[in-house]
Amino acid sequence: MSGLHVEDPGLLALLQDGGRRGHYRLGLTDGGPLDRQAFDLCNRLLENPAGAAAVELTFGGARFTVGIDSYLCVTGAPMPLRINGEERSTWEVHPVREGDSIALGHPPAGCRAYLGVAGGFQAEPVFGSVSTVLREGLGGLGTGKLAPGDLLPCTPAPGRRRLYLPEAAQPRYNSQVTLRVIPGYQQHHFPRLAQRRFFGSRYTVTDRADRMGYRLEGPVVRADIEGLLSEGICLGAIQLPADGQPIVLLNDRQTIGGYPKIGAALSLDLARLAQQRPGGEVVFTPITQHAAHNALHLARAFEASRSIQERGP
Amino acid sequence: MIIELAGESAVMVYLGETMDPAVAARVQALADALPDALDEALLDLVPSYASLLVVYDPYLTDHMAVVRKLHHLGYALEQGRAGEGRLVELPAWYSCESGADLEELARRAGLAMAEVIALHSGTDYRVYAIGFAPGFAYLGEVDERIAAPRLATPRQRVPRGAIAIADRQTAVYPAASPGGWNLVGRCPRRLFDPAADPCMPVAVGDRVRFRPIDREEYLALGGEP
């Protein structure tokens, strides 16, 4: 099988699909794209099934050689895209031919982008998914993060329309994000003053921010308990260990833990958090469970009506 | 039963506050009953010592409906009793060579190493939770006399199969990883093998008993040297 040859993966390149579902009881976490919105749009532009495997690139600086006639698309952080040295738009489907070279530069804002091909990359699923979780040693091509010399297999694809997302409809990646938080878990163990401080302060993304979680720095918020019996942790949970500095838990988090949690961030906002680099600013705002439920449904309706357009011949 | 919000599409059900087989049995019974009650709206579950995290599909159901069903099941649970779970025997090579902290643990406990081994292998443990890493089963409760706090400085690398103690919990590391538990021996059996079916020899609710073996048997059973 032919496909896309990895010449240089850049800082970190991982194969991701929709994520691994339904295996918490084995201790397996979700994996999957950190910026779900950009990942889903990549597949929609390529007219792929939702959740088709794409490469998640972190900070760019990657090069590939095409080994098969196909179509590709890059979404997410604006990494300058060059095909055979010529600048091309991201958020747009481009035909590529065997032998073409693909280069992705460093983005001026944001940090993660998705490189997809028509039909998605083909790899052997483990527990129903090809998503790479480095901590678990599962997924991808079976060898962890992508390395020079790897071949990302893909199949010949029938013609694709040259779909693109107009610039006005593209997400913007700035260095400030507001996370909507549903208070829960051990919220009652956080004194009123601590809760006010948490929701009224600005936090900064530290350099300990990865696919497991984003560790933030700012005013100290402590619970009146140190730890608790280990319990399940879901996506977006906000943990406050003894040092009082919040950690927002993401796709590759451990599935259980014993630190106090003040609540969980809305999944829709995690995509923006995961585009933050160290130094980025985070603000938390509380919302009710009902508002969160509504927000999910509204976002789905909005995504369905998003103005995807077709480039003329 | 206390139900707390855990996120936009998850709730946390607390059925107690301590490591207690009776509480764990109720967690297990609720976990067993939920797939039928929530049907395809149930995405996943994380049973733990005294809690159950329930993750549902927000496009198929909502918070109110899930909470209503949980209360209904909670009432039914008071009437019933969960099963004992299977008894799984795991071979264990206890020694200073295979368990770097065995000697120190015995010294601090004021016991002979043979006594530590007898106490560790003489207890049937319950699988309370699985997490931390794929296939990492939290087993309890370790005899008070050999309970030991986590190491002040965790090890960079604990080998696969290491049998370890932290407070009144014990576990077998399913893969090499960093770790801060006290190492007392090694188990030759693989605790997590993605290619095997089932991929784990134990599940939450099972009981585990360690059977002491020597180095030769450890190697004969395929243990990593």
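Since this is a predicted model, take the numbers as computed values, not measurements.

Caption draft 1: Molecular detail of the overall build of chain B. Looking only at helices and strands, chain B has 5 helices and 13 strands in total. A globule of 225 residues ought to have a C-alpha radius of gyration of about 17 Å, and chain B, at 19 Å, matches this closely. When the backbone C-alpha atoms are referred to their principal axes, chain B occupies close to 55 × 35 × 35 Å. The 225 residues of chain B split such that 44% are buried. In chain B, of all internal contacts separated by at least 6 residues, the share reaching a separation of at least 24 is 61%.

Caption draft 2: Local environment of the interface of chain A and chain B. Residue-level contacts link 33 residues of chain A with 35 residues of chain B. Among the elements of the structure, β13 (176-183), β16 (231-232) and α4 (289-304) of chain A are those that each provide at least two residues to the side of chain A that touches chain B. With 4 residues, the top contributor of residues to the side of chain A that touches chain B is α4(A).

Caption draft 3: Examining the sheet that holds strand β13 (residues 207-213) of chain B more closely. All names here are of chain B. Ordered in space as β5-β12-β9-β10-β7-β6-β13, the 7 strands form a closed barrel in which the pairing is mixed. Going from strand to strand, the sheet's axes swing by 45° on average, the running direction of each strand aside. The pairing of strand β6 (residues 125-130) with strand β7 (residues 137-140) spans 4 bridges and is antiparallel. The residue bridging Ala-129 from the neighbouring strand is Tyr-138, located in β7.

Caption draft 4: The arrangement of the domain arrangement of chain A in detail. All names here are of chain A. Partitioning chain A into structural domains gives domain 1 (3-168) and domain 2 (176-302). One C-alpha centre belongs to domain 1, the other to domain 2, and the line joining them spans 28 Å. The interface of domain 1 with domain 2 comprises 18 residues on the first partner and 14 residues on the second. Looking at the side of domain 1 that touches domain 2 element by element, the count peaks at 3 residues for helix α1 (residues 36-45).

Caption draft 5: Focus on the sheet that holds strand β1 (residues 3-8) of chain A. Residues and elements named next belong to chain A. Sheet architecture is open: 6 strands sit in the order β7-β6-β9-β4-β1-β11, paired in antiparallel fashion. Edge positions in the open sheet fall to β7 (86-88) and β11 (151-153), since each of these has one partner strand only. With direction set aside, neighbouring strand axes in the sheet form an average angle of 30°. Both strand β6 (residues 81-83) and β7 contribute to a ladder of 3 bridges, which runs antiparallel. Following the sheet pairing, Leu-81 is matched in β7 by Arg-88.

Caption draft 6: Just the domain arrangement of chain B, in detail. Residue and element names in this part refer to chain B. In terms of domains, chain B is made up of domain 1 (2-79) and domain 2 (87-220). Placing a centre on the C-alpha atoms of domain 1 and another on those of domain 2 gives a separation of 29 Å. Taken together, the contacts link 7 residues of domain 1 with 7 residues of domain 2. Ranked by the residues each element gives to the side of domain 1 that touches domain 2, the list is headed by helix α1 (residues 21-38), at 3 residues. Here the residues of the side of domain 1 that touches domain 2 are counted per class, giving 5 nonpolar, 2 polar and no charged.

Caption draft 7: Representation of the nonpolar core. Residue and element names in this part refer to chain B. Ranked by internal contacts, the top residues of the largest apolar core, which has 156 residues, are Leu-53 and Val-54. Tallying contributions element by element places α1 first for this core, with 7 residues. When neighbours within four sequence positions are excluded, Val-54 is seen to be in contact with Ala-10, Val-11, Val-13, Leu-34, Leu-45 and Val-66.

Caption draft 8: Region of the structure containing the pairing of β13(A). Residue and element names in this part refer to chain A. Taking burial as the measure, the 8 residues of β13 include 6 buried ones, the bulk of the element. Note that β13 and strand β20 (residues 261-265) share 3 bridges and pair antiparallel. Following the sheet pairing, Ile-182 is matched in β20 by Ala-264.

Caption draft 9: Spotlight on the pairing of strand β1 (residues 2-7) of chain B. All names here are of chain B. As paired elements, β1 and strand β2 (residues 10-14) share 5 bridges and run antiparallel to each other. The residue bridging Glu-4 from the neighbouring strand is Met-12, located in β2. In sequence, β1 turns back onto β2 through a hairpin of 2 residues.

Caption draft 10: Just the environment of Asp243(A), in detail. Residues and elements named next belong to chain A. Its location among the elements puts Asp-243 in the loop between β17 (237-239) and β18 (247-249). With 11 C-beta atoms packed within 10 Å, Asp-243 lands in the exposed category. It is 7.6 Å that separates the C-alpha atoms of Asp-243 and Arg-222, two residues lying 21 residues apart in sequence.

Caption draft 11: Main features of unusual backbone geometry. For the bond running from Gly140(B) to Glu141(B), omega is -5°, close enough to zero to count as cis. Residue placement: Glu141(B) occurs in the loop between β7 and β8 (155-158). The linkage connecting Asp197(B) with the following residue, Pro198(B), adopts the cis geometry, with an omega of 0°. For Pro198(B), the location among the structural elements is in the loop between β12 (182-186) and β13. For Phe127(A), which is not glycine, the phi torsion reads 50° and is therefore positive.

Caption draft 12: Quick peek at the UniProt feature "domain: Carboxyltransferase" (unreviewed entry) in chain A. Following the UniProt record, the feature "domain: Carboxyltransferase" (unreviewed entry) maps to residues 25-303 of chain A here. For residues 25-303 of chain A, helix accounts for 15% and strand for 30%, while the C-alpha atoms at its two ends are 32 Å apart.

Caption draft 13: Broad picture of the environment of Val66(A). Residues and elements named next belong to chain A. Relative to the elements of secondary structure, Val-66 occurs in strand β4 (residues 62-66). Residue class for Val-66 comes out buried when judged on the 22 C-beta atoms lying within 10 Å of it. The contact partners of Val-66, leaving out residues within four places of it in the chain, are Leu-4, Val-96, Arg-97, Glu-98, Gly-99, Asp-100 and Ile-102.

Caption draft 14: Expanded view of the environment of Tyr75(B). Residue and element names in this part refer to chain B. Along the polypeptide, Tyr-75 turns up in helix α2 (residues 63-79). Residue classification places Tyr-75 among the exposed residues on the basis of 10 C-beta atoms within 10 Å. The sequence separation of Tyr-75 and Met-1 amounts to 74 residues, and the corresponding C-alpha distance is 9.3 Å.

Caption draft 15: Local environment of helix α4 (residues 113-121) of chain B. All names here are of chain B. Those residues of α4 lying buried are Val-116, Ile-117 and His-120. For α4, the angular spread of buried residues about the axis comes to 100°, placing them on one side. If you follow the buried residues of α4, they end up packed against β5 (87-94), α3 (102-109), β12 and β13.

Calculation notes
Residues numbered from 1 in each chain as written. Chains lettered and ligands numbered in written order. Predicted model: local features only at pLDDT ≥ 70, side-chain atom pairs only at ≥ 80, totals over all residues. Helix = DSSP H or I, 4+ residues; strand = E, 2+ residues; numbered from the N terminus. Rg over C-alpha atoms; globule rule 2.2 N^0.38 Å. Buried ≥ 20, exposed ≤ 12 C-beta atoms within 10 Å, placed from the backbone. Contact = placed C-beta atoms within 7 Å. Pairing = 2+ DSSP bridges. Axes fitted to C-alpha atoms, helices over the stretch in contact; angles between N-to-C directions. Domains from an automatic or database assignment. Nonpolar A, V, L, I, M, F, W, Y, C, P; charged D, E, K, R; others polar. Core = buried A, V, L, I, M, F, W, Y, C linked by C-beta atoms within 7 Å. UniProt positions renumbered as here; feature names shortened; annotations may be inferred. Arc of directions from axis to C-beta.

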